[in-house]
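Structural characterization, general
The lines below spell out each chain.
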Amino acid sequence: MRTEGEIVTNTDPTGPWSLVVPLKPLARAKSRLGRAVGEALRPRMALAFAQDTVSAALSCRAVADVVVVTDDPVAGAALTALGARVVRDAPAGGLNAALEHGARSVRARRPGAAVAALNADLPALRPAELGRVLEFSGAFPRAFLGDTQGIGTTFLSAMPGVELRPAFGGASRARHLSSGAVEITLPGLESVRRDVDTADDLEEALALGVGRFTAGPSAPVAHAADR
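The following refers to the structure shown. All of these numbers come straight from a predicted model, not from anything done at the bench. (Residues numbered from 1 in each chain as written. Predicted model: local features only at pLDDT ≥ 70, side-chain atom pairs only at ≥ 80, totals over all residues. Heavy atoms only, no water.)

Helices and strands together make up the secondary structure of the protein chain, namely nine helices and nine strands. For the protein chain, the accessible surface area stands at approximately 9,800 Å², while carbon and sulfur atoms represent 55% of it. (Helix = DSSP H or I, 4+ residues; strand = E, 2+ residues; numbered from the N terminus. Areas by Shrake-Rupley, 256 points an atom, 1.4 Å probe, with all protein chains shown as cover.)

Below is the structure:
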């Protein structure tokens, strides 16, 4: 991996995984966080989370490419600059429809790809931890990782020839488990579990260590938490 200015480039072309990252238009993203950081900062935070997520994912040696499903032109340009491929949310049918659309886009280019859905709000994501998740997932047709609260899901995988069948939103951990996906229970995956929806979530992510894009906008929040 090398970094060229703002662009992260994975120089290992053998990574087998394609990741699909869904992102709402920034004007509507992270509504609950807005109550804590303010409406002016909220879209910027949502974009920063996605930039750190995509940057870390592209730095993982097991990842061949990242496809971002979004209709937001600002986010699309910023994430393309990092090396992601951006596709429009053509179904416009919500989160799971967007993920299925992204997976189809991946397999239209790479029919034998192993595909995984990854939340866009993982600002503390560490490439090594993501690599462990992907390595574990490679042994099962479908696998998933629950979030820190044990209610939602931050990651769902499907091996070549297997449909992703995403069921994200709300109590998705139980739905993915009942769908037959294997739950990933490895220790030490905090950065892959810690999605951010609230101020408390953000404080926990900051404690883990967020990426450079989130670190700047988060400075006022971190300062307020220390007072």
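From this point on, the discussion continues.
Taken as a whole and assessed by the stated rule, the structure comprises one aromatic pair. Centroid distance Phe-136 to Phe-140: 5.2 Å. Interplanar angle 35°. Geometry classified as tilted. (Phe/Tyr/Trp six-rings, centres within 6.5 Å; stacked < 30°, edge-to-face > 60°.)

Another point: helix 4 (residues 95-109). The first and last C-alpha atoms of helix 4 sit 22 Å apart over 15 residues, in line with the 21 Å expected at 1.5 Å per residue. Among the residues of helix 4, Ala-98, Leu-99, His-101, Gly-102, Ala-103, Ser-105, Val-106 and Arg-107 are the ones counted as buried. (Expected span 1.5 Å × (residues − 1). Buried < 20%, exposed > 50% of the residue type's maximum accessible area, 1.4 Å probe, protein only.)

Next up on the list: the nonpolar core. In terms of nonpolar packing, the biggest core is built from 39 residues, with Leu-19, Val-66, Leu-118, Leu-130 and Leu-134 touching the most fellow members. Mapped by element, the contributors of at least two residues to this core are strand 3 (17-22), helix 2 (42-58), strand 4 (63-69), helix 3 (73-82), strand 6 (114-118), helix 5 (127-137) and strand 7 (142-146). Top element by residues in this core is helix 2. It accounts for eight residues. Setting aside residues no more than four positions away along its own chain, Val-66 makes contact with Leu-19, Val-21, Val-54, Ala-57, Leu-58, Ala-84 and Arg-85. If you look at the next biggest cluster of nonpolar residues, it comprises 17 residues, including Val-67, Phe-144, Leu-156 and Phe-168. (Core = buried A, V, L, I, M, F, W, Y, C linked by side-chain atoms within 4.5 Å. Contact = heavy atoms within 4.5 Å.)

Turning next to the sheet that holds strand 6. Pairing is mixed across the open sheet formed by seven strands, whose spatial order is 5-4-3-6-8-7-9. Edge positions in the sheet fall to strand 5 (85-87) and strand 9 (182-183), since each of these pairs with one other strand and no more. Here strand 6 runs beside strand 8 (residues 153-158); their pairing, made up of four bridges, is antiparallel. By the bridge assignment, Val-115 is partnered in strand 8 with Ala-158. Of the strands in this sheet, strand 3, strand 4 and strand 6 touch helix 2, which is tilted by about 160° from strand 4. Relative to the sheet, helix 4 contacts strand 3, strand 4, strand 5, strand 6 and strand 8, its axis offset from that of strand 3 by approximately 150°. (Pairing = 2+ DSSP bridges. Axes fitted to C-alpha atoms, helices over the stretch in contact; angles between N-to-C directions.)

Take Ala-78: it is sitting in helix 3. Taking the C-alpha atoms as reference points, Ala-78 and Gln-51, separated by 27 residues in sequence, lie 7.5 Å from one another. The contact partners of Ala-78, leaving out residues within four places of it in the chain, are Leu-47 and Gln-51.

In this structure, Lys-30 is a non-glycine residue whose phi angle is positive, near 55°. Looking at the secondary structure, you find Lys-30 in the loop between strand 3 and helix 1 (31-37). The backbone of Arg-165 sits at a positive phi, close to 50°, despite the residue not being glycine. Tracing the chain through its elements places Arg-165 in the loop between strand 8 and helix 6 (172-178).

Further remarks concern the environment of Leu-19. Along the chain, Leu-19 turns up in strand 3. Judged by relative accessible area, Leu-19 falls into the buried class, the value being 1%. Leu-19 sits 46 residues away from Asp-65 along the chain, and the two C-alpha atoms are 6.4 Å apart. In this structure, Leu-19 is in contact with Ala-57, Val-63, Asp-65, Val-66, Val-67, Ala-116, Leu-118, Leu-130 and Leu-134, ignoring residues within four places of it in sequence.

Turning our attention to the pairing of strand 6. Within strand 6, five of the five residues are buried, which leaves it mostly tucked inside the rest of the structure. Going residue by residue along strand 6, you find Ala-114, Ala-116 and Leu-118 tucked away on one face and Val-115 and Ala-117 tucked away on the opposite face as well. Pairing geometry for strand 3 and strand 6, over four bridges, is parallel. Each residue of the ladder has a partner; that of Val-20, found in strand 6, is Ala-117.

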